[in-house]
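Chain by chain, the residues run as shown.
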Amino acid sequence: MSNEASPLPSSNNPATAVGANNLEISALADQALAQLERSDNREVRLRKTVAGLFLAGGAVAAWGVGSGEASHLKFDKPMPYIETLQRDINNIDNILEGVGIAAFIGGLTGIAALKLGAQKDTRLQVIDQWSSRNMSEDRLNPNRSVAKRTLEATFAGRIPVMTCIGAGLAVFAGAIGGEVGNGPQRPIEKALATFAPGETMVVNYAGAMPMVESYVPRSIADSIIATAAKRGIKANIMDEDLGILSKGQQNLSDLSIGVQMPLNSPLSWGVKDGCYNVPVAVDKSAGMKLGETIRLNGVSAVVRQQLEGISATNRVGVVMEQEAMAACLRGGVEAPVHSVVVDAAPSVVQEIVDTANPTRFNVAVITKNQYLDNSKKFWESNVKPITSVLALFAGVFASAVAGSRMRESLVRDRREWAAKLVNGNSQAMIRATEFTRVIKDGVLASIIGGGIAAFATPVVVNTLESGFQATVGLKEFAVGSAIAIAGSIAGAFKSLINPKKIIRPEESLRS
């Protein structure tokens, strides 16, 4: 028997230490598994709770719709009218016009300068190339389409669809707002220029306009015309009636303009002709044929002429003899008239009115431009604030899209950017490249979005409302450019302040 003692357990024994470590690791693993299980159980309970809430919400919604209670649910809050705010909002398009013109011309010029400068400066060449494609794309890929190559050579190698939509919406809203403000003046301008030339008008009160009533007694109107004639000054009645034009089962709002017609005019009318088949001229946009019988406020009329440009927003333009309007639509030939147009300066017309109106009946002498401006203010106050807000929303939309797209671009290409930063490129290079990309996208979106809106707006909108003639011109295109370019720059600005925070080179280059 050996007298050698067995070794006592000791912390210095390697086998014992390994066993203890294994036990500790096992305990930690069990603890981690237990925590994971508890987390899973909490997630399962949360999902069950959410499912129950959704089911309850669906049941309440179904009950509300089925019982009709949901139809009474409305979210509104009456707000006080703020005239200064409305005026500022209505002026937005004028501000955007200037911004858009500067942005589009500056954008095109800047891209051209960059491409020309790239022929001599390597740094500019790199910025142009890098901003013409995603950093992760292979520029030397021979399978790129002609369209892709063209976009890379001209802009940023892509079509910025969402920015195009923002620009198009801004142009669309601008065109509608422009027609709302200027359209109602169109028939009055044409009537004054064609049938009652003159720069001064005698109306019931200074705020008179086409869409409100203005009563000048016929006796005073005739006296003004006679007094003006003694001075060798031409004066004519311009009357109007806001009524209903009926053709079969179709009823349209109309703006009938009554003026004095020469005897050889097809619209000439006399009291002896009576109120049956009164001769009228109708705007071509109404689709009324020559010789067709219509009804004006229930009075039988015949289309003897077709004119252009005398319809206003939702008002079919009609022109007729003023006496026919008075006798057949206004109750008698001595009915009050809307205005008298005098071909003289306001000061001279005021003298005529003072002589012709001894009873001092309430009439006002205003210029034609004042009259038209009253109308413009009326329509701008009614509708234009809404279209101006839509243009602002389009700007917010374009800005949000640009900001999101810029961040996504930096995240998608962060490995490539991180490698370039490690190789000595600065953040300024990143900012210059991505800013150039934004400009290229904005200019292209202005062209595409504005072009589509220029075609679609008249085709779509003008067919939906009689007399509406929305058009896209320089101002509307400039508003779209402001949204596409300036809005995109504003949205991308935050991401370009410190692009390293998004790229995170240390993490992006880890394998």
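For the structure, see preceding data.
The structure displayed is predicted, hence computed values, not measured ones.

What counts, and at which threshold
- Residues numbered from 1 in each chain as written.
- Predicted model: local features only at pLDDT ≥ 70, side-chain atom pairs only at ≥ 80, totals over all residues.
- Heavy atoms only, no water.
- Phe/Tyr/Trp six-rings, centres within 6.5 Å; stacked < 30°, edge-to-face > 60°.
- Helix = DSSP H or I, 4+ residues; strand = E, 2+ residues; numbered from the N terminus.
- Buried < 20%, exposed > 50% of the residue type's maximum accessible area, 1.4 Å probe, protein only.
- Disulfide = S-S within 2.5 Å.
- Axes fitted to C-alpha atoms, helices over the stretch in contact; angles between N-to-C directions.
- Parallel < 35°, antiparallel > 145°, perpendicular 65-115°, else oblique.
- Left-handed = near helix turned anticlockwise from the far one by under 90°.
- Contact = heavy atoms within 4.5 Å.
- Nonpolar A, V, L, I, M, F, W, Y, C, P; charged D, E, K, R; others polar.

Engineer: Can you walk me through the packing of aromatic side chains in this structure?
Structural biologist: The geometry of an aromatic ring pair comes down to the distance between the two centres and the angle between the two planes. The tally for this structure, following the rule as stated, stands at two aromatic pairs. Arranged with centres 5.3 Å apart and planes meeting at 80°, the rings of Phe 104 and Phe 477 form a pair that is edge-to-face. With Phe 104 in helix α3 (residues 92–117) and Phe 477 in helix α15 (residues 474–497), this residue pair connects regions lying 373 residues apart in the sequence. By relative accessible area, which is 16% here, Phe 104 ends up buried. You can call Phe 477 partly exposed: its relative accessible area is 25%. For the ring pair Trp 130 and Trp 417, a centre distance of 5.5 Å and an interplane angle of 85° mean the geometry is edge-to-face.

Engineer: Whenever I open this one, the state of the cysteines confuses me. Can you help?
Structural biologist: The term disulfide refers to a covalent linkage connecting the sulfur atoms of a pair of cysteines. Applying the stated criterion to the full structure yields one disulfide. Note on cysteine connectivity: Cys 275 is disulfide-linked to Cys 328, with sulfurs 2.0 Å apart. Disulfide Cys 275 to Cys 328: torsion about the S-S bond roughly -90°, handedness left-handed. Residue Cys 275 is located in the loop between β3 (250–259) and β4 (278–283), and its partner Cys 328 is located in helix α9 (residues 322–329); the two are separated by 53 residues in the primary sequence.

Engineer: Can you help me understand unusual backbone geometry in this one?
Structural biologist: For residues other than glycine, phi is negative in most cases, and the peptide bonds are mostly trans. With a phi angle near 55°, Asn 277 is a residue other than glycine that sits in the positive phi range. Position of Asn 277 among the secondary structure elements: in the loop between β3 and β4. The exposure class of Asn 277 is partly exposed, given its relative accessible area of 27%. Of note, Asn 297 is a non-glycine position whose phi angle comes to about 50°, a positive value.

Engineer: Would you mind showing me how to read the packing of helix α2 (residues 83–90) against helix α12 (residues 384–412) here?
Structural biologist: For any two helices packed against each other, one specifies the crossing angle of their axes together with the interaxial distance. One way to put it is that α2 packs onto α12 with a least axis distance of 9 Å and a crossing angle of 60°. As the angle between them shows, α2 and α12 are arranged oblique. When you trace α2 past α12, the crossing you get is left-handed. Within the contact between the two elements, α2 uses Gln 86, Ile 89 and Asn 90 and α12 uses Lys 384, Pro 385, Ser 388, Val 389 and Leu 392. Here the residues of the contact of α2 with α12 sort into four nonpolar, three polar and one charged.

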